[in-house]
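Listed below are the residues making up each chain.
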Amino acid sequence: MSDNDFLPFALPDIGEQEIEEVCDSMRSGWLTTGPKVKQFEAAFAAFISAKHALAVNSATSGLHLALEAIGIGPGDQVLTSTHTFTATAEVIRYLGADPVFVDIDEDTLNMDVAAVEAALSRGGNVKAIMPVHMAGQACDMTALCRLAKDAGIRIIEDAAHALPTTFNGKRIGTIGDATVFSFYATKTLATGEGGMITTDDDAIASRIRTMRLHGISRDVFDRYQSDKPSWYYEVVAPGFKYNMPDTAAAVGIHQLARLQEMSGRRREIANRYFDALADLPLELPVPINMDDEHAWHLFIIRLALGRLDIDRNRFIELMAECGIGTSVHFIPLHLQPYWRDKYELVPGDFPVATATYERLVSLPIYSKMTDEDVERVIAAVRDILTTHRK
Ligand SMILES: *Cc1c(COP(=O)(O)O)cnc(C)c1O
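Residues numbered from 1 in each chain as written. Predicted model: local features only at pLDDT ≥ 70, side-chain atom pairs only at ≥ 80, totals over all residues. Heavy atoms only, no water.

## Concerning helix H1 (residues 16-28)
Between its first and last C-alpha atoms H1 spans 18 Å; for 13 residues at 1.5 Å apiece the expected length is 18 Å, and the two agree. Residues Glu18, Glu21 and Ser25 constitute the buried set of H1. The buried residues of H1 occupy an angular sector of 65° when the element is viewed end-on, so they sit on one face. Away from the buried face of H1 by more than 90 degrees, exposed residues Glu16 and Arg27 are located. Summarising the contacts, the buried residues of H1 are in contact with helix H2 (35-48) and helix H9 (246-257). Remark: Gly29 follows H1 within two positions and exhibits a positive phi of approximately 85°. (Helix = DSSP H or I, 4+ residues; strand = E, 2+ residues; numbered from the N terminus. Expected span 1.5 Å × (residues − 1). Buried < 20%, exposed > 50% of the residue type's maximum accessible area, 1.4 Å probe, protein only. Arc of directions from axis to C-beta. Contact = heavy atoms within 4.5 Å.)

## Let's talk about the site of the ligand
Of all residues adjacent to the ligand, which total 16 residues, the nearest are Thr60, Asp158, His161, Ser182 and Lys187. In this structure, Ser182 approaches the ligand through a side-chain N or O atom, which is 2.7 Å from an oxygen atom. Between the ligand and Lys187 there is a distance of 3.1 Å, counted from an oxygen atom to a side-chain nitrogen or oxygen. In isolation the ligand has 380 Å² of accessible area, and contact with the protein removes 92% of it. Contributing elements (two or more residues each) for the shell around the ligand: helix H3 (59-69) and helix H4 (86-94). Class assignment for the residues of the shell around the ligand results in seven nonpolar, seven polar and two charged. (Near = heavy atom within 4 Å. Polar contact = N/O pair within 3.5 Å; in protein donor to acceptor, adjacent residues only side chain to side chain. Areas by Shrake-Rupley, 256 points an atom, 1.4 Å probe, with all protein chains shown as cover. Nonpolar A, V, L, I, M, F, W, Y, C, P; charged D, E, K, R; others polar.)

## Some details on unusual backbone geometry
Residues Leu163 and Pro164 are joined by a peptide bond in cis, for which omega reads -5°. Cis geometry marks the peptide bond from His329 to Phe330; its omega dihedral reads 0°. Tracing the backbone through its elements, the reader meets Phe330 in the loop between helix H11 (312-321) and helix H12 (337-342). We note that Ser49 has phi near 70°; this positive angle belongs to a residue other than glycine. Along the chain, Ser49 turns up in the loop between H2 and strand S1 (52-56). Judged by its relative accessible area of 55%, Ser49 is exposed. Even without a glycine there, the phi angle at Leu109 is positive, about 60°.

## Let's talk about the packing of helix H5 (residues 113-121) against helix H6 (residues 141-151)
Here H5 crosses H6 at 10°, and the two axes come no closer than 10 Å. In terms of orientation, H5 and H6 fall into the roughly parallel class. Contacts between H5 and H6 pair Val113, Val116, Glu117 and Leu120 from the former with Ala143, Leu144, Leu147 and Ala151 from the latter. (Axes fitted to C-alpha atoms, helices over the stretch in contact; angles between N-to-C directions. Parallel < 35°, antiparallel > 145°, perpendicular 65-115°, else oblique.)

Structure below.
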């Protein structure tokens, strides 16, 4: 088989307009944060219906800024899921605080609300909850908001997968104290690297605006726009260098305009997988509310290992032999050496996440996939799982 026949696990969907807009930035000479970032932020805020949208250079930096803005610091604890990418938890450590990991719900792979409640009732010094909307399906925000309100703590959402996603008709990005989206190359809106924070809270927005660019009170673009001398600025805190360049916003503006169309294609592919894979020894994703939008960033199947004579790793190898890329989202953090050793975590503390991890596979799902690509994935999964059915 030639390399051309390999179907990658993920690919961005970049159109000519995105390319033209980047060229326009290049020609204009304005490469760093400037007019295109402002335009992208305004369009994003309007799309989400959030008061503020703040562009940054990754979701990781956005999560760091959001936690910093609500005052997380040494000695504080932040509740999050063990079933996530390490970025969710590492930003807690950046601030000298400690994550408290909770187990997941087997069907949604989202934080188990009962586990959150149990963790809160153990006392400690929990200051915030960081829900992760796995694969693009919202967490139970009604329950999490109630728990946060009762405990007097904040909610910072990791919405790296959740664009566009709704929960009971409300768009993710409008519910928690702040919500962070990722525009990493594989995400549903891709700028290569990039992220966006949405919030309705003026104090959070103001702090993030300052801290994302060196703790300077006005960003570079504003300096060239206002009446004050252009050389003058004030440093009010030891901030970070987390601003988004205009070249990334150039891509984002057109990706956002095409988001519903790209998302529609992902939904079509998901529906085709639901139809074509339902009779196999596996469990399909479990949408909780059919009226809600699911971003379908990932399509995660769970193999029914008891009915198969192969394990998940062998399944991934066999898919690769068919020329199809797959992946695993995620290796739970309690199994990663740093987190495991630092907090003395054992698999038995996270029985659902531990057992589910062994069965997870993410199938390709992205708007650039053709119908033939989708049918090829289905044929390979069907062939492997019927051949290896016990
Ligand atoms: C991709 C991802 C991130 C990090 O996003 P970046 O933009 O690459 O920093 C954080 N959390 C989750 C769940 C992700 O999948």
